[in-house]
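# Geometric and topological summary
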Amino acid sequence: MRLSLLIPTLALLSACNAQPDTSFLLIGSYASAEEEGIKVYKFNQETADCEYVSGMSGISNPSFLYPSHDGHFVYAVGEDVAPDTPTANALSFDKSNGTLSLINSQLNPGDAPCNIIVSPDGQWAYTSNYFGGNIDEYRIEKDGSLGPARSIAFEGSSIDTIRQTHPYLHAVNFTPDHRFLLANDLGTDQIHIFPADGPLDTGQQFDLQILPGVGPRHLCFSPSGNYAYLLGEISGDIVTIGYDIEGPSAFRMTQVTKADTLNAGGSADIHVSPDGRFVYASHRLVGDGISIFKIHQADGSISKVGYQNTGIHPRNFMITPNGKFLLVACRDSNVVEIYERDMKTGLLKDTGKKLEMSKPVCLQLID
């Protein structure tokens, strides 16, 4: 066979044999323990096609999920507030059939655990407790189970006499170099910072003071790790934070940008696109949708390029690793909407594809 004929033939065979870029999509929700509060779908990152695989009941209000780094375990909060009801839960995930099973549950000594995360070394899990005003630390055992909680409490308040009367912890993040744990405190307008080298040492804690009335909620880093973008739930501002471990101050605020121009006081989630060119923030209560900002690479500053209206109460959203799609969990519309991203402009286009389920609030992918 001539080479000119062989090359197209090999290319065709390769295309036919290529496997779809399919991941497992896990969705957490507000649901009773009797309901299927966590659902698992197959999700194709190239086409945004979804197929229901399985569901899991047994956890009350599994509103936030976090997979282990190898995808074999999933950690879920039980976001309850009555005494002795909030939980942190360890689940095993079977990639062969896409099913979850409970390993163990631990009481969470803090009301309304709304966020959970696993340390980069896979040895610790942390919950952020909104009404409890604290974070809880759990050792992860070799079988993936959670040990008993150790609680770390905070003190203080800020200027909002209704929403900032005491600490309200909303999320925990790790710096990309794994040096620090950051705990976002909506109630005190602070980020509580700990060295991340084992059990948290409160003696080494220091705080980054954010502007009064911002209400720190969620935070994400640029792919370079040089900048973090903090979303204020109350003010609707995005606070750009420079991060430089070698500099005179590891964390420094460099810009404050209004994202919620309607002042609804319900900003929710924030993410940077995988290519590091755009940052997205969701907003609730009035004019529900997602604001879109371009990141200027020279200094990490941002400027607004657009706004995408969504369903009601877009609490959590995610961008696929290939950057093609943005999925948003619209809690009060009972739907997960799927948008296509324009890689050049950052703008979003509704694909018309959606997943209907009761009160979805958290989206995670497992490859």
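Presented here is an overview of the structure given in this document. (Residues numbered from 1 in each chain as written. Predicted model: local features only at pLDDT ≥ 70, side-chain atom pairs only at ≥ 80, totals over all residues. Heavy atoms only, no water.)

## Description of the packing of aromatic side chains
Following the criterion strictly, the structure yields 13 aromatic pairs and no others. Measuring from centroid to centroid gives 5.1 Å for Phe24 and Phe93, while their planes differ by 80°, and the two rings are edge-to-face. Taken together, the residues Phe24 in strand S1 (residues 22-29) and Phe93 in strand S6 (residues 87-94) connect sequence positions 69 residues apart. Grouping residues by exposure puts Phe24 and Phe93 together as buried. Here Phe180 and Phe206 contribute two aromatic rings whose centre-to-centre distance is 5.9 Å and whose plane-to-plane angle is 90°, an arrangement assigned as edge-to-face. Pair noted here: Phe180 is in strand S13 (residues 180-185) and Phe206 is in strand S15 (residues 206-209), with a separation of 26 residues, a long-range link. Since its relative accessible area comes to 11%, Phe180 is described here as buried. (Phe/Tyr/Trp six-rings, centres within 6.5 Å; stacked < 30°, edge-to-face > 60°. Helix = DSSP H or I, 4+ residues; strand = E, 2+ residues; numbered from the N terminus. Buried < 20%, exposed > 50% of the residue type's maximum accessible area, 1.4 Å probe, protein only.)

## So, the nonpolar core
Leu26 and Leu100 are the most contacted members of the largest nonpolar core, which totals 26 residues. Elements represented by at least two residues in this core include exactly S1, strand S2 (38-44), strand S5 (73-78), S6, strand S8 (113-118), strand S10 (134-140) and strand S28 (360-366). Looking at this core, the element that brings in the most residues is S5, giving 5 residues. With residues up to four places along the chain from it excluded, the contact list for Leu100 reads Leu26, Ile38, Val40, Met56, Val74, Leu91, Ser92 and Phe93. Grouped together as the second largest cluster of nonpolar side chains are 16 residues, Leu182, Leu219, Val239 and Ile241 included. (Core = buried A, V, L, I, M, F, W, Y, C linked by side-chain atoms within 4.5 Å. Contact = heavy atoms within 4.5 Å.)

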